[in-house]
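Structure assessment
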Amino acid sequence: MNPQPFPWIFPYLEEERVQGGDFLVKPLLRPVVTVRLVGMRTGSQNLAALVDSGSDHTVAAPWVAQDIGVQPDSSREIMLKIGGAPRRVRFADVIMQLLPPERGVFEGGYDPAEVHEWQVQMGFFTEWQSPPWNVVLGQVGFFDRFTVSLNRDAQALAISDLTQFDDWFPQPTADSPPRRPRFTP
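Scope of this entry: the structure provided in the associated data block. Think of each chain on its own: its residues are numbered from 1, step by step along the sequence as written. Under the rules for a predicted model, residues below a pLDDT of 70 receive no local features and side-chain atom pairs below 80 are neither given nor counted, while totals for whole chains, interfaces and linings still include all residues. The basis for every side-chain value is the complete set of non-hydrogen atoms in the structure, without hydrogens or water.

Re the overall build of the protein chain
Scanning the protein chain for helices and strands turns up three helices and twelve strands. Burial here depends on accessible area, computed with a 1.4 Å probe over protein chains only, as a share of the maximum for the residue type. Under 20% is buried, over 50% is exposed, and the range in between is partly exposed. The buried share of the protein chain, taken over its 185 residues, is 38%. Considering only intrachain contacts with a sequence separation of at least 6, the fraction spanning at least 24 residues in the protein chain is 64%. Reported accessibility uses the Shrake-Rupley method at a 1.4 Å probe radius. Residues are deemed covered only where the shown protein chains occlude them. With the model as given, the accessible surface of the protein chain reaches about 11200 Å², and the carbon-plus-sulfur share is 52%. Labels follow the DSSP assignment, with helices taken as runs of H or I lasting at least four residues and strands as runs of E lasting at least two, numbered in each case from the N terminus. Only heavy atoms matter for contacts: two residues are in contact if any of them lie within 4.5 Å across the pair.

Quick look at the structure:
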């Protein structure tokens, strides 16, 4: 596969305020990309995924696991605090596909040669019936695959090759304090 070359620029999605906050004048802008997940079945529908640098894990709603035909592993279960409460999450190995920015969340088919695809340990909530986002892309499973730049002023996020960061910010000099070795997925 030869996906479209990076960088990919995605516009932020404006989310409506639920209630109150009339004194707040700035819109709620969210960094969102379009993904598909592949399990035992061919693949899920196109899903709007929140890009969340504060999330350690990449997680999805329980219906997504059913949609792609995976059974999250009860021996790979943890509790995460998300959405204001602790929630049980079970993991399964799935294929994630990042669709190009020209592809809208609700558009139909796509050319598999256009996408970036990788295996991810996806956490699936066991009981959360209505999460605010069906997929949340976190540090493990997304940020460890790409260089991600978020810019509220531009109302956009850019996804570049993982090595792009080192091109922009070269490695420390020899007299810099030692750093932990890089994690390689």
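Still more to cover.
Points about the pattern of salt bridges
Pairs may arise between side chains of opposite charge once their charged atoms sit close together. We count a salt bridge whenever a side-chain nitrogen from Lys or Arg sits within 4 Å of a carboxyl oxygen from Asp or Glu. Per the counting criterion, the structure on display carries four salt bridges. Residues Arg 88 and Glu 77 are paired through a salt bridge, measuring 2.8 Å at the closest nitrogen-oxygen approach. Note that Arg 88 is positioned in strand β8 (residues 85–98) and Glu 77 in strand β7 (residues 73–82), a separation of eleven residues in sequence.

As for a nonpolar patch on the surface
Note that patches include only residues with greater than 30% relative accessible area and no salt bridge, and the join distances are 9 Å for like charges and 5 Å for nonpolar side chains (Val, Leu, Ile, Met, Phe, Trp, Tyr). A grouping of Phe 165, Trp 168 and Phe 169 is seen on the molecular surface, where their side chains present a nonpolar patch of about 340 Å² in accessible area. Topologically, Phe 165 is positioned in helix α3 (residues 164–168).

What to know about the packing of aromatic side chains
Classification of ring pairs rests on two measures: the distance between centres of Phe, Tyr or Trp rings, Trp counted by its six-membered ring, which must be within 6.5 Å, and the angle between planes, read as stacked under 30 degrees, edge-to-face over 60 and tilted in between. One pass over the structure, following the stated rule, counts eight aromatic pairs. Here the aromatic rings of Trp 118 and Phe 142 are separated by 6.4 Å at their centres, their planes lie at 45°, and the arrangement is tilted. Of this pair, Trp 118 sits in strand β9 (residues 116–125) while Phe 142 sits in helix α2 (residues 139–143), placing them 24 residues apart in sequence. Judged by relative accessible area, which is 0%, Phe 142 ranks as buried. Through successive ring pairs, a cluster of aromatic residues spans Phe 6, Trp 8, Phe 10, Trp 118, Phe 142, Phe 143 and Phe 146.

Some words on the sheet that holds strand β12 (residues 156–161)
Strands qualify as paired when DSSP identifies two bridges or more between them. Reading across the sheet, the three strands line up as β1-β12-β11 and stay open at both edges, with antiparallel pairing between neighbours. Two strands bound the open sheet, and with one partner strand each, they are β1 (8–11) and β11 (146–151). Across the sheet, the mean angle from the axis of one strand to that of its neighbour is 20°, orientation sign disregarded. Across four bridges, the pairing between β1 and β12 is antiparallel. Each bridged residue has a counterpart across the sheet, and for Phe 10 the counterpart in β12 is Leu 157. Lines fitted to C-alpha atoms define the axes, with helix axes restricted to the stretch in contact, and inter-axis angles between N-to-C directions lie between 0 and 180 degrees.

Looking at the environment of Pro 132
Structurally, the position occupied by Pro 132 is in the loop between β9 and β10 (135–137). Expressed as a C-alpha distance, the spacing of Pro 132 and Gly 83, which sit 49 residues apart in the sequence, is 8.1 Å.

A short note on the pairing of β11
Pairing between β11 and β12: six bridges, direction antiparallel. The residue bridging Ser 149 from the neighbouring strand is Ala 158, located in β12. Once β11 ends, the chain turns through four residues before running back antiparallel as β12, passing Gln 155 with a positive phi of about 55°.

Here's the deal with unusual backbone geometry
Pro 7 follows Phe 6 through a cis peptide bond whose omega is 5°. By secondary structure assignment, the location of Pro 7 is in the segment before β1. If you check the backbone angles, Gln 155 has positive phi at about 55° while not being a glycine. Within the secondary structure, Gln 155 sits in the loop between β11 and β12. Given the relative accessible area of 43%, Gln 155 is considered partly exposed.

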